[in-house]
Amino acid sequence: MSTLNDGAWQRRWQPLLQQWVLISARSAARPWSGAVSKATTTPAPEHDPYCYLCPRVTRANGVQNPNYSGAFAFDNDFPSLSMQAPDTHNTDPLLGVAPAKGYCRVLCWSERHDATLASLDPAELKGVVQLWRDEYARLAAQPGIGNVLIFENKGTEIGVSNLHPHGQIYATDFVTDTATRMRSAQANWALENAGSSLLQSLLSHKHTQAACIIEKDEYFSVMVPFAARFAYESWIVPNRHVSSLSEMHKAELDSLAILYQRQVRRYDLLFNRVAPNVSLLHNVPTDNHQDNVHWCFHLAFHPPLRDPEKLKYLAGFESAANNIVNPVRPEDAAARMREIDVSTWC
Ligand SMILES: [Zn+2]
């Protein structure tokens, strides 16, 4: 592609979010006197009696966790949303108010406090993906729920308060801002491109296939998006247009579990530590909107590190402009991750 250069001072279009990203590989060479992030070297215990996610521990609200093993879900004791939210509305165009209704769930990946998704065995891993699917389907079927976002915040670097391996779900009575943008982008793409799928078009694009794929199997591809917003951002995209975990068959779910874990291990090897990360499952909204048919599932990783010791902050320009500056050229990130031998993870 003649429009590509070495990644210096280039704007790239992120079609799913409908926004420009700045690729500025030369900014990575700046002298660094900012925050340095060191990996924790103290090993975690297998069971922590003060951890409110560990089996048998009594949580702050007085409820005792069962003696669970494997993946386990429960209601968040300190939810950001509630179906009991008071029905307060204000239609004042300057002071709009609506109730924040929904469900917040906590998903433990394992009974072991010292586990991560990278360390689970295949059966445990499939249990996690099955839990994702069951929780998504159950919450999607609740009356009034418009969006079910499953995600994992991993590592103290991004403010995680509890290091027990776990993810969360926010099931909201509204479609989130990001999901609204993604849905609109995918519907418009289909309208303007004879019904084709935006994500499938991006995945099958000659440039993606040549330079942005990290690995793939029969059912999914792991790729760096052309307009990655974060250094080493990656996506797991199905090789067919499928909207959610609920529509995937067993072989696809097994493949997703394996590739997800391989990518988590790849990040550990890339950053030479248990790598902090944010991972997000972008399932189709659950509000029966006519444009949902154009939605294609993907799983996104937004790693906060730009190298093993440097955290990327979304500061002045990005806070103000919402055009994120990525200091690593996406094709270089893909090449670097492609070269990692995941079998060396331990
Ligand atoms: Zn724990």
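Structure's up top.
Within each chain, residues carry numbers counting from 1 in the order of the written sequence. Whole-chain, interface and lining totals are the exception, using all residues; otherwise, since this is a predicted model, local features are given only for residues with pLDDT of at least 70 and side-chain atom pairs are given and counted only at 80 or more. As a rule here, side-chain values cover all heavy atoms of the structure and leave hydrogens and water aside.

1. As for the overall build of the protein
Across its full length, the protein holds seven helices and 14 strands. With C-alpha atoms as the basis for the radius of gyration, the globule rule is written as 2.2 Å multiplied by the number of residues raised to the power 0.38. Taken over C-alpha atoms, the radius of gyration comes to 20 Å for the protein, in line with the 20 Å a tight globule of 346 residues would show. By principal-axis analysis of the C-alpha atoms, the protein measures approximately 60 × 50 × 45 Å. Put simply, the protein has 346 residues, and 51% of those count as buried. Every residue pair with non-hydrogen atoms within 4.5 Å of one another is taken to be in contact. Within the protein, contacts between residues separated by at least 24 positions form 67% of all contacts whose residues are at least 6 apart in sequence. Here the accessible surface of atoms and residues is derived via Shrake-Rupley with a 1.4 Å probe, and residues count as covered only by protein chains that are part of the display. When the accessible surface of the protein is summed, it comes to about 16,400 Å², and 54% of that surface belongs to carbon and sulfur atoms. Where helices and strands are cited, they refer to DSSP runs of H or I of at least four residues and of E of at least two residues respectively, numbered from the N terminus. To sort residues, take the accessible area from a 1.4 Å probe on protein chains only and compare it with the maximum for the residue type: under 20% means buried, over 50% means exposed, and anything in between is partly exposed.

2. Looking at the environment of Asp307
Within the secondary structure, Asp307 sits in strand 12 (residues 305-307). When the C-alpha atoms of Asp307 and Ala231 are compared, they prove to be 8.4 Å apart, with 76 residues separating the residues in sequence. Nitrogen and oxygen atoms within 3.5 Å of one another constitute a polar contact, given that in protein one can donate a hydrogen and the other can accept it, and given that sequence-neighbouring residues count only through two side-chain atoms. Of the polar contacts made by the side chain of Asp307, one reaches the backbone nitrogen of Lys310; its length is 3.0 Å.

3. Structural notes on the coordination of the zinc ion
Donor selection uses N, O and S atoms within 2.8 Å of the metal (3.2 Å for Na, K and Ca). Since no water is included, sites may look incomplete. On the protein side, the zinc ion has Cys51 (SG), Cys54 (SG), His113 (ND1) and His164 (ND1) as donor atoms, found 2.0 to 2.3 Å from it. For four-coordinate sites, all angles between 85 and 135 degrees define a tetrahedron; for four- and six-coordinate sites, opposite donors beyond 155 degrees with the remaining angles between 65 and 115 define square planar and octahedral shapes respectively, and all other cases count as irregular. For the zinc ion, the four donor atoms are set out with angles of 101 to 115° between them, so the coordination reads as tetrahedral.

4. With respect to the sheet that holds strand 14 (residues 325-326)
With mixed pairing, the three strands of this open sheet are ordered in space as 1-2-14. The strands lining the two open edges of the sheet, one partner per strand, are strand 1 (10-14) and strand 14. At least two DSSP bridges between two strands are needed for those strands to be called paired.

5. Comments concerning the sheet that holds strand 11 (residues 298-301)
Strand order in this open sheet of nine strands is 3-4-6-5-10-11-9-8-7, and the pairing throughout is antiparallel. Looking at strand neighbours, the two that pair on one side only are strand 3 (72-75) and strand 7 (213-216), the edges of this open sheet. Geometrically, the sheet is characterised by an average inter-axis angle of 20° between neighbouring strands, direction not taken into account. Sheet topology places strand 3 next to strand 4 (residues 102-108); four bridges connect them, and they run antiparallel. In the strand pairing of strand 4, Phe74 is matched with Val106. Axis definition: a line fitted to C-alpha atoms, limited for helices to the stretch in contact. Angles are taken between N-to-C directions and run from 0 to 180 degrees.

6. Observations concerning the environment of Glu218
Structurally, Glu218 is set in the loop between strand 7 and strand 8 (220-223). By relative accessible area, which is 61% here, Glu218 ends up exposed. As a C-alpha pair, Glu218 and Ala185 span 33 residues in sequence and 27 Å in three-dimensional space.

7. Remarks on the side chain of His282
Note on placement: His282 falls in strand 10 (residues 277-282). On the accessibility criterion, His282 (11% relative accessible area) is buried. Ignoring any residue separated from it by four or fewer positions in sequence, one finds His282 in contact with Leu149, Thr178, Met182, Trp295, Cys296, Phe297, His298 and Ala300.

8. Structural notes on unusual backbone geometry
Not every positive phi belongs to a glycine, and Gln18 is a case in point at roughly 55°. Mapped onto the secondary structure, Gln18 falls in the loop between strand 1 and strand 2 (19-23). Residue classification places Gln18 among the partly exposed positions, given a relative accessible area of 41%. Despite not being glycine, Tyr232 has its phi angle at roughly 65°, a positive value. Summarising the element assignment, Tyr232 is placed in the loop between strand 8 and strand 9 (234-238).

9. Some words on the pattern of salt bridges
Any carboxyl oxygen of Asp or Glu within 4 Å of a side-chain nitrogen of Lys or Arg constitutes a salt bridge here. Scanning the entire structure with this criterion turns up 20 salt bridges. Arg105 is the salt-bridge partner of Glu135, the closest N and O atoms lying 2.9 Å from each other. Of this pair, Glu135 sits in helix 1 (residues 122-140) while Arg105 sits in strand 4, placing them 30 residues apart in sequence. As far as the burial class goes, Glu135 and Arg105 line up, both buried. When the shortest N-O distance is used, the salt bridge between Arg273 and Glu157 registers 2.4 Å. Remark: Glu157 occurs in the loop between strand 5 (147-154) and strand 6 (166-172) and Arg273 occurs in the loop between helix 5 (250-271) and strand 10; sequence separation between them is 116 residues. Salt bridges sharing partners connect three or more residues here, namely Arg12, Arg329, Glu331 and Asp332.

10. Digging into helix 1
An expected span of 1.5 Å times one less than the residue number is assigned to each helix. The terminal C-alpha atoms of helix 1, which comprises 19 residues, lie 27 Å apart, in line with the 27 Å expected from a rise of 1.5 Å per residue. Burial in helix 1 covers these residues: Leu125, Val128, Val129, Leu131, Trp132, Glu135, Tyr136 and Leu139. Around the axis of helix 1, the buried residues are gathered within 150° of arc, so they sit on the same side. For helix 1, the exposed residues lying more than 90 degrees away from the buried face are Pro122 and Ala123. This arc is built from the directions going out from the helix axis to the C-beta atoms.

11. A few points about the nonpolar core
Residues enter a nonpolar core if they are buried and are Ala, Val, Leu, Ile, Met, Phe, Trp, Tyr or Cys, with the set joined through side-chain atoms within 4.5 Å. Residues Trp132, Tyr232, Ile236, Leu245, Leu256 and Leu299 are the most contacted members of the largest nonpolar core, which totals 69 residues. The dominant element in this core, judged by the number of residues it contributes, is helix 5, at nine residues. Every residue in contact with Leu299, bar those within four places of it in the chain, is listed here: Trp132, Ser234, Trp235, Ile236, Leu256, Tyr260, Ser279, Leu280 and Leu281. Ranked by size, the runner-up nonpolar core spans nine residues in total, among them Leu53, Cys54, Phe72 and Val106.

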